[in-house]
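Residues per chain are reported as follows:
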Amino acid sequence: PGVLDTRAVAFTSPADDVTTIAIDGYDPATDKIVIVNYGQTVLRDGIDYMLTGNGITLLRMALTKDDVIQFYIAKQAID
């Protein structure tokens, strides 16, 4: 299927009880979230989170201040 561009994006929670996360530079029309990583735990789409517009909503947990979630995003490379 061609070459994929991949990138990692980190989100640091600015406060307690955060469940909705906007992902910088994420375009749901062209990007695919491959992995959502919280510490040493890989979160599962539809179980631990759901996609919402330009990010995700956590379903089973809420972040506390300074928690970090990493996103690995793939996009079909142009050219």
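Located above this text is the structure these notes cover.
Conventions adopted
Going along each chain's sequence as written, the residues are numbered from 1 onward. Note on the predicted model: pLDDT of at least 70 is required for a residue's local features to be given, and 80 or more for side-chain atom pairs to be given and counted; whole-chain, interface and lining totals, by contrast, use all residues. With hydrogens and water set aside, each side-chain value is computed from the structure's full complement of heavy atoms. To form a nonpolar core, buried Ala, Val, Leu, Ile, Met, Phe, Trp, Tyr and Cys residues must be joined to one another through side-chain atoms within 4.5 Å. Exposed residues in this analysis have more than 50% of their type's maximum accessible area, buried residues have under 20%, and partly exposed residues fall in between, with area computed by a 1.4 Å probe over protein chains only. In DSSP terms, a helix is any run of H or I states spanning at least four residues, a strand is any run of E spanning at least two, and both are numbered starting from the N terminus. Contacts are assigned to residue pairs with any non-hydrogen atoms lying within 4.5 Å of each other. Following DSSP output, two strands are said to pair if at least two bridges run between them. Axis definition: a line fitted to C-alpha atoms, over the contacting stretch in the case of helices. Angles run 0 to 180 degrees between N-to-C directions.

### A closer look at the nonpolar core
Piece 1. By size, the foremost hydrophobic cluster in this structure holds 16 residues, and its most contacted members are Ile-21, Ile-56 and Phe-71.
Piece 2. Contributing elements (two or more residues each) for this core: strand E1 (4-12), strand E3 (31-38), strand E6 (55-58) and strand E7 (68-76).
Piece 3. With three residues, E7 is the single largest residue contributor to this core.
Piece 4. In this view, Ile-21 contacts Phe-11, Asn-54, Gly-55, Ile-56, Leu-58, Leu-63, Ile-69 and Phe-71; residues no more than four positions away in its chain are not counted.

### Re the sheet that holds E6
The strands that make up a sheet are held in pairs by hydrogen bonds between backbone atoms, and each pair lies either parallel or antiparallel.
Piece 1. Taken together, three strands build an open sheet; the order of strands is E2-E6-E5 and the sheet is antiparallel. The open sheet has two edge strands with one neighbour each: strand E2 (20-22) and strand E5 (49-52). Between one strand axis and the next, the sheet turns through 25 degrees on average, direction left out of account.
Piece 2. By the bridge criterion, four bridges tie E5 to E6 in an arrangement that is antiparallel.

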